[in-house]
Amino acid sequence: MDLLTRFLNDPFVTPLWAVCVIALLTAVLTIYRALQAGNFDVAKLPKILESLVLAKVFPLALLGIAAVTVTDPVTRDALAVAYLGGAAAAAASETKQLFDAVIGRASQNGNA
């Protein structure tokens, strides 16, 4: 439990939280736009979880946990670089999707 607490309180986790917050905003805005347009489909909601949690958040969390817990400095640094690079790519992708949702473009990943 100490490892989990240390991980959640580490500023290193900020990119993961950023990806989650941006993705949540995108999902909420996309659902709102779909409700406004009258074409909301509840059957697409599981795809949101699949595309976000399984494809982005879970792998980033594993890399982050590994980067925090590994004791070998070279391996820890390599994992940290992979984690931060992956988080930056995921945040850029989610930011683009949020921008598309804000201006009203149809989402490409099957969000509601």
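In the block above lies the structure referred to throughout.
Residues numbered from 1 in each chain as written. Predicted model: local features only at pLDDT ≥ 70, side-chain atom pairs only at ≥ 80, totals over all residues. Heavy atoms only, no water.

Caption draft 1: Quick peek at the overall build of the chain. Counting its secondary structure elements, the chain contains 4 helices and 0 strands. For the chain, the succession of helices and strands along the chain, N to C, is α-α-α-α. Taken along the three principal axes of its C-alpha coordinates, the chain extends 55 × 25 × 20 Å. Considering only contacts within the chain whose residues lie at least 6 apart along the sequence, 75% involve residues at least 24 apart. A total of about 6,900 Å² of accessible surface is found on the chain, and carbon and sulfur atoms cover 71% of it. One finds the centroid of the 8 positive side-chain charges in the chain at a distance of 10 Å from the centroid of its 8 negative side-chain charges. (Helix = DSSP H or I, 4+ residues; strand = E, 2+ residues; numbered from the N terminus. Contact = heavy atoms within 4.5 Å. Areas by Shrake-Rupley, 256 points an atom, 1.4 Å probe, with all protein chains shown as cover. Lys, Arg positive; Asp, Glu negative; His and termini not counted. Charge placed at Lys NZ, Arg CZ, Asp CG, Glu CD.)

Caption draft 2: Expanded view of the packing of helix α2 (residues 14-37) against helix α4 (residues 73-103). One way to put it is that α2 packs onto α4 with a least axis distance of 9 Å and a crossing angle of 20°. With respect to each other, α2 and α4 are oriented roughly parallel. Once α2 is placed against α4, the crossing between them reads as left-handed. The segment α2 lies against α4, with Pro15, Leu16, Val19, Ile22, Ala23, Leu25, Thr26, Leu29, Thr30 and Arg33 engaging Tyr83, Leu84, Ala87, Ala90, Ala91, Glu94, Thr95, Gln97, Leu98, Ala101 and Val102. (Axes fitted to C-alpha atoms, helices over the stretch in contact; angles between N-to-C directions. Parallel < 35°, antiparallel > 145°, perpendicular 65-115°, else oblique. Left-handed = near helix turned anticlockwise from the far one by under 90°.)

Caption draft 3: Looking closely at helix α3 (residues 45-69). Along its 25 residues, α3 runs 34 Å from first to last C-alpha, staying within 8% of the 36 Å computed at 1.5 Å per residue. At valine 53, α3 is deflected by roughly 35°, the largest bend along its length. The set of residues buried in α3 consists of Ile48, Leu52, Lys56, Val57, Leu60, Ala61, Gly64, Ala67 and Val68. (Expected span 1.5 Å × (residues − 1). Bend = angle between axes of the 7 residues up to and from the residue. Buried < 20%, exposed > 50% of the residue type's maximum accessible area, 1.4 Å probe, protein only.)

Caption draft 4: Expanded view of the nonpolar core. Of all hydrophobic cores here, the largest spans 17 residues; its most connected members are Phe12, Leu16, Val19, Leu60, Ala67 and Tyr83. Of all the secondary structure elements, the ones that give two or more residues to this core are α2, α3 and α4. For phenylalanine 12, the residues in contact, after removing those within four places along its chain, are Gly64, Ala67, Val68, Ala80, Tyr83 and Leu84. (Core = buried A, V, L, I, M, F, W, Y, C linked by side-chain atoms within 4.5 Å.)

Caption draft 5: Inspection of the environment of valine 70 at higher detail. In this structure, valine 70 sits in the loop between α3 and α4. Here the alpha-carbon distance between valine 70 and alanine 88, two residues 18 residues apart in the chain, equals 21 Å. If sequence neighbours within four positions are ignored, valine 70 has contacts with Thr75, Arg76 and Leu79.

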